[in-house]
Amino acid sequence: MRKLVSFKGVFLIRMANFEKKLLALDGKGYGGYKSLVGAYSFPLYKLVIDHIQADPFAPPSTMHLLIDRKKAGIPAELLDSKNKQIAVADFLQRNFSKQADKNRLNNRGTGHSGELRIDSCGQEIIERTAIVISAQQIEVRFEVGLPAAGRRIKARDANKIFKDLLPRIVQKSLLYANIDQQLLKQQVKLFREQQEIREQMKRRHLVAFVANGSLLPRASGSSDLPLTTGTPFRSPSSLEVTFELKNGKKVSGMGISQGITLIVGGGYHGKSTLLQALDFGVYDHIKGDGREFVLTDRTAMKVRAEDGRSVANVNITPFINHIPGRRDTSTFSTVNASGSTSQAANVIEALESGTKTLLIDEDTSATNFMIRDARMQRLVASDKEPITPFVDKIKALYNQLGISTILVTGGSGDYFEMADHVIMMNEYQPGDVTKRAHEIADMEESERSAADEQKFGTLDERIPKKSNFRIISRKDRFKVRNKKEITFGHSNIDLSALEQLTDTSQTRGIVALIQILKAEYFDDQTTFAEMTEKLYADIQQQGLDRVLSSKRHAGNLALPRRQELCAAVNRYRGLRVIKKETR
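No experiment lies behind these values; they were computed from the predicted model shown. (Residues numbered from 1 in each chain as written. Predicted model: local features only at pLDDT ≥ 70, side-chain atom pairs only at ≥ 80, totals over all residues. Heavy atoms only, no water.)

Can you help me understand the overall build of the protein chain in this one?
Check the secondary structure of the protein chain and you find 16 helices and 31 strands. Scaling as 2.2 N^0.38, a compact globule of 583 residues should have a C-alpha radius of gyration of about 25 Å, and the protein chain matches this with 27 Å. For the protein chain, the spread of C-alpha atoms along the three principal axes comes to 85 × 60 × 40 Å. For the protein chain, the proportion of contacts with a sequence separation of at least 24, taken over those separated by at least 6, is 73%. Of the roughly 26,000 Å² of accessible surface on the protein chain, a fraction of 48% belongs to carbon and sulfur atoms. Once the 87 positive and 69 negative side-chain charges of the protein chain are each reduced to a mean point, those two points are 10 Å apart. (Helix = DSSP H or I, 4+ residues; strand = E, 2+ residues; numbered from the N terminus. Rg over C-alpha atoms; globule rule 2.2 N^0.38 Å. Contact = heavy atoms within 4.5 Å. Areas by Shrake-Rupley, 256 points an atom, 1.4 Å probe, with all protein chains shown as cover. Lys, Arg positive; Asp, Glu negative; His and termini not counted. Charge placed at Lys NZ, Arg CZ, Asp CG, Glu CD.)

What's the story with the packing of helix α13 (residues 504-521) against helix α14 (residues 528-542) in this structure? I'm lost.
Contact geometry for α13 and α14: axes closest at 11 Å, N-to-C directions at 115°. Comparing the axis directions of α13 and α14 gives the class roughly perpendicular. Crossing hand, α13 versus α14: right-handed. Along the contact surface, α13 presents Leu513, Ile516, Leu517 and Tyr521, while α14 presents Met531, Lys534, Leu535, Tyr536, Asp538 and Ile539. (Axes fitted to C-alpha atoms, helices over the stretch in contact; angles between N-to-C directions. Parallel < 35°, antiparallel > 145°, perpendicular 65-115°, else oblique. Left-handed = near helix turned anticlockwise from the far one by under 90°.)

I keep staring at a positive patch on the surface and nothing clicks. Help me out?
Among the surface-exposed residues, Arg192, Arg203, Arg204 and Lys246 lie close enough to one another that they form a single positively charged patch. As for its position among the elements, Arg192 is in helix α6 (residues 181-203). (Patch = residues over 30% accessible without salt bridge, like charges linked within 9 Å, V, L, I, M, F, W, Y side chains within 5 Å. Salt bridge = Lys/Arg side-chain N within 4 Å of Asp/Glu carboxyl O.)

Could you clarify how one ought to interpret unusual backbone geometry in this entry?
Keep in mind that most residues, glycine aside, have a negative phi and that most peptide bonds are trans. Positive phi, normally seen in glycine, also occurs at Glu427, with a value near 50°. Counting through the fold element by element, Glu427 comes out in the loop between β25 (421-426) and β26 (429-432). Classification of Glu427 as exposed rests on a relative accessible area of 57%. Its identity as a non-glycine residue notwithstanding, Asp524 has a phi of 65°, on the positive side. Tracing the backbone shows Asp524 in the loop between α13 and α14. (Buried < 20%, exposed > 50% of the residue type's maximum accessible area, 1.4 Å probe, protein only.)

Before we go on, may I ask you to explain the packing of α14 against helix α16 (residues 562-570) in this structure?
A pair of packed helices is captured by two measures, namely the crossing angle of their axes and the spacing between those axes. Relative to each other, α14 and α16 sit at 140°, their axes nearing to 11 Å. Accordingly, the angle class assigned to the pair α14 and α16 is oblique. Of the two possible hands of crossing, α14 and α16 adopt the one that is right-handed. Counted together, Phe528, Ala529, Thr532, Glu533, Leu535 and Tyr536 of α14 and Arg562, Leu565, Cys566, Val569 and Asn570 of α16 form the full contact between these two elements. A class-by-class count of the residues in the contact of α14 with α16 yields seven nonpolar, two polar and two charged. (Nonpolar A, V, L, I, M, F, W, Y, C, P; charged D, E, K, R; others polar.)

Whenever I open this one, the packing of aromatic side chains confuses me. Can you help?
Aromatic ring pairs: the centre-centre distance and the angle between the two ring planes describe each pair. As enumerated under the stated definition, the model contains 16 aromatic pairs in all. Here the aromatic cluster, defined as three or more aromatic residues joined through ring pairs, consists of Phe18, Tyr40, Phe42, Tyr45 and Phe162. (Phe/Tyr/Trp six-rings, centres within 6.5 Å; stacked < 30°, edge-to-face > 60°.)

Explanation requested: helix α5 (residues 155-174) in the structure shown.
Spacing of three or four residues puts side chains on the same side of an α-helix, whose turn is 3.6 residues. Spanning 20 residues, α5 covers 27 Å between terminal C-alpha atoms, matching the ideal 28 Å at 1.5 Å per step. Ile161 marks where α5 bends most, by close to 35°. (Expected span 1.5 Å × (residues − 1). Bend = angle between axes of the 7 residues up to and from the residue.)

Help me understand the pattern of salt bridges, please; the structure alone is not making it clear to me.
Oppositely charged side chains are able to pair whenever their charged atoms sit close together. As enumerated under the stated definition, the model contains 37 salt bridges in all. Ionic pairing is found between Asp119 and Arg508, a salt bridge with its closest N-O pair at 3.4 Å. Placement of the pair is Asp119 in the loop between β4 (116-117) and β5 (124-125) and Arg508 in helix α13, with a sequence separation of 389 residues. The class for Asp119 is buried, based on a relative accessible area of 12%. Look at the salt bridges and you will find they share partners, linking Asp119, Arg128, Asp503 and Arg508 into a network.

Okay, here's the thing in structure tokens:
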């Protein structure tokens, strides 16, 4: 066992005043804990108690500690870029969480008494606010459930947390001398390799890459862990590409080029499993996930039908030129969209948010939005059908706008003519059947009449009105109920169709960024595209924590993608937008 760095010689002297102040509260009413708010000097770090919970049943108290980078001892070469800092912060956060689980109070008390926790991480490495690394120090934000018996302070138990447990957690999770240095270096190395491959993908005009040996199936529907007995992925030779990295490593696998790619195959052979892996390939994954080198264009958006969603002033004419009553669809609004109108709006909004790759699964799409076969065309005259199906727009999307599509389909061969590549999944293994699909399309010419859609259509720019998210009473505030649900006052923002959201921390990040948009960007002049592009450029340059200056010491946020942020705003039922000039 590695020897721990010790500082016990001066511990009691340094914290004597804090300990005395804390022990004097023993047996008093829980509100007495509020007197502890402030900053305290410990031998290894400075502890700041930011907020004290109202009672033991309320959410735990929030705190943060600051440790000098020199004391932490993490080599400078592991922290000399933003990407490295994100990878190191992720590693330290996972370490801190594990140590907090190991070092707990026995007989903790009432409510949340004795809990000590940091925001949790999933399989993805995402910029978060739980641990922030600056030029001089490492800041760790966490929560503590201050101990109580009923509503009386248990000061001795609280003192054990601050005197014994927290210092032990810090020593074992943050000090370079005590952590698994090799694992840390491996995580930084892996993260850098992932970024390097992404850069090479852009130069090679690839929208996705799946490395040979990847484990795509998950352990279960409720688990994001890999199915260790799953079949390792192997690329067809015709689609295999190899990346040569600066460190000499070579990574080979299946490359998916820009354009139109179909994923086909029989039921239960892995079509949706591959697409799901590509869905989450917009993020980088930790070692052991099985999808470490499953990498997708970061702007890729999963688009589906979403019956019942609200839509605010979206031009859906590229897909739907009118609705019954000859109502105009260039400024389409509804509080209860159908499958086809919702999917049309979802595509247009995705493009507005900067998406360059659409990910679509036939199983979660509106049939009449995706295809209209020859028999239906003969029965329902074209002048009676307002919908131009996606099959007739998919080529124009790429040729005119440069938008690629990866589509899972098992029921329609009418997409064969449009496809640049057709990948068939057979028992979770891919095969390149592009040539055969094109031969079938040539031999068995489709009887359906394809619309002559050389142009995709008009994309309007929308401007959110400054009056959005107006606070009239104390009830008009945001609340994150879970990963898929936000409320603002009496309005519910349903995010259940945003399949690429990873955890509740990202949802809290969405709320924080909406509040910044409301305060600084909503001006009745700036479009969605302009304001979100500027916001994410600031985050890229300054870091999430600096942009969220009004949320100082909020340690439970993760950076959402621009796509999910825009999607959340668009699903606000009180949204009001105005149209800018067309492009």
